[in-house]
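# Examination of the molecular architecture
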Amino acid sequence: MSQPSYTEHERHGSAAPQVAGTNVMAILSLVFAFVFSPAGIVLGHIAKKQIRRTGEQGDGLATAGLVLSYVFTILGVIGFALIIVAAMSTGTSSA
């Protein structure tokens, strides 16, 4: 008994299972966490919603992008606040 050829498989409708790819928004969320973290937050939330709806891969990437984006955004806000406080304290001197 010989092995069925590729064309015989096609005629019987047995196709290879389709594997869902990685969500592009999840990848972009991780990238933008380092470039412009507020955009990483938005993209991460969009990616999580799309992944739940479509079943694509990339949930871990979206989560990592969200966590890093939130951390970097918080650090940026704290750093900006410290700069403002430092500028105000050096700008006021008693004469």
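Residues numbered from 1 in each chain as written. Predicted model: local features only at pLDDT ≥ 70, side-chain atom pairs only at ≥ 80, totals over all residues. Heavy atoms only, no water.

This part covers the packing of helix H2 (residues 24-35) against helix H4 (residues 59-91). Remark: H2 packs on H4, axes separated minimally by 8 Å, with the N-to-C direction vectors making an angle of 25 degrees. On the basis of their axis angle, the class for H2 and H4 is roughly parallel. By crossing handedness, the relation of H2 to H4 is classed as left-handed. Residue-level contacts link Ala26, Ile27, Ser29, Leu30, Ala33 and Phe34 of H2 to Leu61, Ala62, Ala64, Gly65, Leu66, Leu68, Ser69 and Phe72 of H4. Here the contact of H2 with H4 is built from residues that sort into 11 nonpolar, three polar and no charged. (Axes fitted to C-alpha atoms, helices over the stretch in contact; angles between N-to-C directions. Helix = DSSP H or I, 4+ residues; strand = E, 2+ residues; numbered from the N terminus. Parallel < 35°, antiparallel > 145°, perpendicular 65-115°, else oblique. Left-handed = near helix turned anticlockwise from the far one by under 90°. Contact = heavy atoms within 4.5 Å. Nonpolar A, V, L, I, M, F, W, Y, C, P; charged D, E, K, R; others polar.)

Bringing the packing of aromatic side chains into the picture now. Here the distance between the centres and the angle between the planes together describe a pair of aromatic rings. For the structure shown, the criterion picks out one aromatic pair. Centroid distance Phe34 to Phe72: 5.5 Å. Interplanar angle 55 degrees. Geometry classified as tilted. One end of the pair, Phe34, is in helix H2; the other, Phe72, is in helix H4, with 38 residues separating them in the sequence. Residue class for Phe34 comes out exposed when judged on its relative accessible area of 58%. (Phe/Tyr/Trp six-rings, centres within 6.5 Å; stacked < 30°, edge-to-face > 60°. Buried < 20%, exposed > 50% of the residue type's maximum accessible area, 1.4 Å probe, protein only.)

Right, let's talk about H2 for a bit. Over its 12 residues, H2 extends 16 Å from the first C-alpha to the last, a length consistent with the 16 Å expected when each residue adds 1.5 Å. Among the residues making up H2, those that are buried are Ala26, Ser29 and Ala33. The buried residues of H2 all sit within an arc of 50 degrees when viewed along its axis, so they share a single face. Residues of H2 that are exposed and point over 90 degrees away from its buried face: Val24, Phe34 and Val35. The secondary structure elements touched by the buried residues of H2 are helix H3 (37-54) and H4. With a side-chain oxygen lying 2.8 Å from the backbone nitrogen of Met25, the N-terminal cap of H2 falls on Asn23. (Expected span 1.5 Å × (residues − 1). Arc of directions from axis to C-beta. Polar contact = N/O pair within 3.5 Å; in protein donor to acceptor, adjacent residues only side chain to side chain.)

What follows concerns the pattern of salt bridges. Inspection of the entire model under this criterion finds one salt bridge. With a shortest N-O distance of 2.9 Å, Asp59 and Lys48 are connected by a salt bridge. Taken together, the residues Asp59 in helix H4 and Lys48 in helix H3 connect sequence positions 11 residues apart. (Salt bridge = Lys/Arg side-chain N within 4 Å of Asp/Glu carboxyl O.)

This paragraph deals with the packing of H2 against H3. Across the interface, H2 lies against H3 with an axial gap of 7 Å and an inter-helix angle of 165 degrees. On the basis of their axis angle, the class for H2 and H3 is roughly antiparallel. With respect to the hand of their crossing, H2 and H3 are arranged in left-handed fashion. Judged by residue contacts, Met25, Ala26, Leu28, Ser29, Phe32, Ala33 and Val35 of H2 engage Ser37, Ala39, Gly40, Leu43, Gly44, Ile46, Ala47, Gln50 and Ile51 from H3. A class-by-class count of the residues in the contact of H2 with H3 yields 11 nonpolar, five polar and no charged.

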